[in-house]
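Read off the chains here:
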Amino acid sequence: SVLMADLDLFKRVNDTYGHAAGDQVLKETAGRLKAAVRQYDRVGRVGGEEFLIVLPRCTEQGAVAIGERIRNSIGEAPIETSKGALRITGSIGAATWTSGDPAAPGALLQTADKALYRAKHGGRNRVEYGAPNEAAAGCEGAGASG
């Protein structure tokens, strides 16, 4: 599975508090993302305020559960910056590849990205799933933070 995570209304942070505060938000967000996933998951910044999280051996339900954990970790506490504490939220799109429903890597990312935009248009600060495939319940280690 993959997750595409984007900070909500991040442009306002840079416009209101400056790019230095924006950089502090991005660094803290990256730390929170890494703390919210399993040890063998991978987190990377795609660009701007968007992050890609790769979740090996993870089903639809597990991806959504980890997405919710990530979403909560972003917004659970204000982020301290040189301009003060800022409340930040994030929207997340999820997609899963299965052997019964193969997809090229680009298509998988595109599916997660479309789900992310549904989350944004649906009110922000939420997780949306991008493919209607059947999956087993959960993924290895989804209940524990790594």
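Residues numbered from 1 in each chain as written. Predicted model: local features only at pLDDT ≥ 70, side-chain atom pairs only at ≥ 80, totals over all residues. Heavy atoms only, no water.

A. Structural view of helix α4 (residues 105-121). Between its terminal C-alpha atoms α4 stretches 24 Å, which fits the 24 Å expected from 17 residues at 1.5 Å a residue. All of the buried residues along α4 are Leu108, Ala112, Ala115, Leu116, Ala119 and Lys120. Each buried residue of α4 lies within a common arc of 150° when the element is viewed along its axis, so the set occupies one face. Among the exposed residues of α4, those oriented more than 90 degrees off its buried face are Lys114 and His121. Gly123 lies just past α4 and shows a positive phi near 125°. (Helix = DSSP H or I, 4+ residues; strand = E, 2+ residues; numbered from the N terminus. Expected span 1.5 Å × (residues − 1). Buried < 20%, exposed > 50% of the residue type's maximum accessible area, 1.4 Å probe, protein only. Arc of directions from axis to C-beta.)

B. Molecular detail of the environment of Gln110. Structurally, Gln110 can be placed in helix α4. It is 9.9 Å that separates the C-alpha atoms of Gln110 and Gly93, two residues lying 17 residues apart in sequence.

C. View of the pattern of salt bridges. Here the structure, examined in full by the defined rule, presents seven salt bridges. The closest approach of N and O atoms between Lys120 and Asp8, which form a salt bridge, is 2.7 Å. Of this pair, Lys120 sits in helix α4 while Asp8 sits in the loop between β1 (2-7) and α1 (10-17), and the two are 112 residues apart along the sequence. Each member of the pair, Lys120 as well as Asp8, carries the same accessibility label: buried. (Salt bridge = Lys/Arg side-chain N within 4 Å of Asp/Glu carboxyl O.)

D. Region of the structure containing the environment of Ala115. Mapping Ala115 onto the fold places it in helix α4. Taking relative accessible area as the criterion, Ala115 reaches 0% and is therefore assigned buried. Distance from Ala115 to Ser91, taken between C-alpha atoms, is 9.5 Å for residues 24 residues apart in sequence. Each residue touching Ala115, except ones within four places of it in the same chain, is listed here: Gly93, Ala94, Glu128, Tyr129 and Gly130. (Contact = heavy atoms within 4.5 Å.)

E. The arrangement of the environment of Gln61 in detail. Relative to the assigned elements, Gln61 resides in helix α3 (residues 60-75). According to the relative accessible area criterion, Gln61 is partly exposed, its value standing at 38%. As a C-alpha pair, Gln61 and Tyr129 span 68 residues in sequence and 9.2 Å in three-dimensional space.

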